[in-house]
Amino acid sequence: MVKTFLDRIIIVLCRPEGSLNIGAVCRAMENMGLSRLSLVGDLSGIDDEKVRMMAIHAFPVYRKALRFEKLEDAVAGTVIAAGITRRRGKNRKRVSWLPEQMAKRAVETEGGDIALVFGNEQNGLNDEELAACSEACHIPSHPQNPSLNLSHAVQIMAYAMYRESAGVRVGGSTPVSLKRVNSLTGTVDASLKEAGYYDKPDRFRTAQFFRDIFARARLTATEADHLEKVFQRFRVRLGEKKE
């Protein structure tokens, strides 16, 4: 069965703490036609009855949610994983999209799952979680009180996706999954190491730099394969010269 654009969107909650908040997220999702939820981390403190109390008719969204220990596993099969965060820093993404821009980028993909990744209610996404995402997205808010409630943030992103779903275009291309992007990044990183590029500790996070560019470029399978062959050939030639 062919998935609609909204069927391809997964809301991912990292280390969620509030049972009522999770229930509210389920309601926000169902309001906008989204039904796929993934939960990451230790969920032992979640009270199903409290989730049900807030979710009401949307409780099946929670009941069908997938559980993961690591965010990397939750987003491995997606073609876009957008980390929703307002915080910036040297270990954060260099580019951050607005919700409307993110929705347009998502709808331009012909196929593949799209993850919208939200952090913990108290602290948001940490550096490692954002690094696992392919790109960043931020929701503008007033600087006096910039932190949004989790379910409110989900509602805004879900609304942007729902609005854009009405204008889905035929055509485009299906990007490779993040798992494939990570594999390509590994080949590039290994090639740079063999070439002696890393003559000192890599304080510029070069592998992460390439990984983010590859993910943001939304490479097709043909393009990823071509790049892989280029760097594989590069490594072969390095070996020949060493001999």
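Everything below is about the structure printed above this text.
Description of the pairing of strand β1 (residues 9–14)
Each regular strand shows side chains that alternate between the opposite faces of the sheet.
Now for step 1: Among the six residues in β1, six count as buried, and that is most of the element.
Now for step 2: Of the two faces of β1, the one carrying I9, I11 and L13 and the one carrying I10, V12 and C14 are both buried.
Now for step 3: As judged from the five bridges shared by β1 and strand β6 (residues 113–118), these two strands associate in the parallel manner. Following the sheet pairing, V12 is matched in β6 by V117.
Now for step 4: Of the strand pairs in this sheet, β1 and strand β2 (residues 36–40) are connected by five bridges, and their pairing is parallel. Note that in β2 the partner of C14 across the bridge is V40.

A few points about the packing of aromatic side chains
Now for step 1: Inspection of every chain in the model, using the stated rule, returns four aromatic pairs.
Now for step 2: Ring geometry for Y197 versus Y198: centroids 5.3 Å apart, planes at 80°, classification edge-to-face.
Now for step 3: Since its relative accessible area comes to 48%, Y197 is described here as partly exposed.
Now for step 4: Taken together, a centroid distance of 5.9 Å and an interplanar angle of 35° make the contact between F210 and F214 tilted. Within this pair, F210 and its partner F214 are both found in helix α9 (residues 206–217), separated by four residues, close to a single helical turn.
Now for step 5: A relative accessible area of 24% places F210 in the partly exposed class.
Now for step 6: Relative accessible area serves as the criterion here: at 8%, F214 is assigned to the buried category.
Now for step 7: Site record: aromatic cluster; members linked through ring pairs are F209, F210 and F214.
Now for step 8: Over the aromatic face of F59 sits the side chain of R52, whose NZ or CZ is 4.1 Å from the ring centroid.

What about the layout of surface pockets?
Now for step 1: In this structure, the largest pocket spans a volume of roughly 410 Å³.
Now for step 2: Considering the residues around the largest pocket, the lining is formed by 21 residues, among which I84, R86, G124, S147 and L148 are closest to the centre.
Now for step 3: The space that makes up the second largest pocket amounts to roughly 220 Å³.
Now for step 4: Looking at the second largest pocket, it is lined by 14 residues, and the ones nearest its centre are K90, N91, R92, R94 and R205.
Now for step 5: Within the residue set of the lining of the second largest pocket, elements represented by two or more residues are α6 (127–132) and α9.
Now for step 6: Ranked by residues supplied to the lining of the second largest pocket, first place goes to α9 with three residues.
Now for step 7: In the lining of the second largest pocket, the residues fall into four nonpolar, three polar and seven charged.

What counts and what doesn't
- In every chain, residue numbers begin from 1 and rise along the written sequence.
- Given that the model is predicted, a residue must reach a pLDDT of at least 70 before its local features are reported, and side-chain atom pairs must reach 80 or more before they are shown or counted; all residues, however, enter totals for whole chains, interfaces and linings.
- No hydrogens and no water enter the side-chain calculation; it runs on all heavy atoms of the structure.
- The rule is simple: take the accessible area with a 1.4 Å probe, protein chains only, and divide by the maximum for that residue type; under 20% is buried, over 50% is exposed, in between is partly exposed.
- By the criteria applied, helices consist of DSSP H or I runs no shorter than four residues and strands consist of E runs no shorter than two, each listed in order from the N terminus.
- Being paired, for any two strands, means DSSP has found at least two bridges between them.
- Each pair of aromatic rings taken from Phe, Tyr and Trp, with Trp reduced to its six-membered ring, is defined by centres within 6.5 Å and is described as stacked if the planes are under 30 degrees apart, edge-to-face if over 60, and tilted in the remaining cases.
- Definition used: whenever NZ (Lys) or CZ (Arg) falls within 6 Å of the ring centre and also within 35 degrees of the ring normal, the charge is taken to sit over that ring.
- The method works on a 1 Å grid over the protein atoms by themselves. A cavity is a set of points holding a 1.4 Å probe that cannot get out, a pocket is an open set with protein on both sides within 12 Å along at least five of seven lines, and residues with an atom within 4 Å of a point line them.
- Grid points are joined across faces, edges and corners, and a volume is the space filled by probe spheres set on the points.
- When residues are grouped by polarity, Ala, Val, Leu, Ile, Met, Phe, Trp, Tyr, Cys and Pro land in nonpolar, Asp, Glu, Lys and Arg in charged, and all others, Gly among them, in polar.

Keep in mind these values describe shape, not function.
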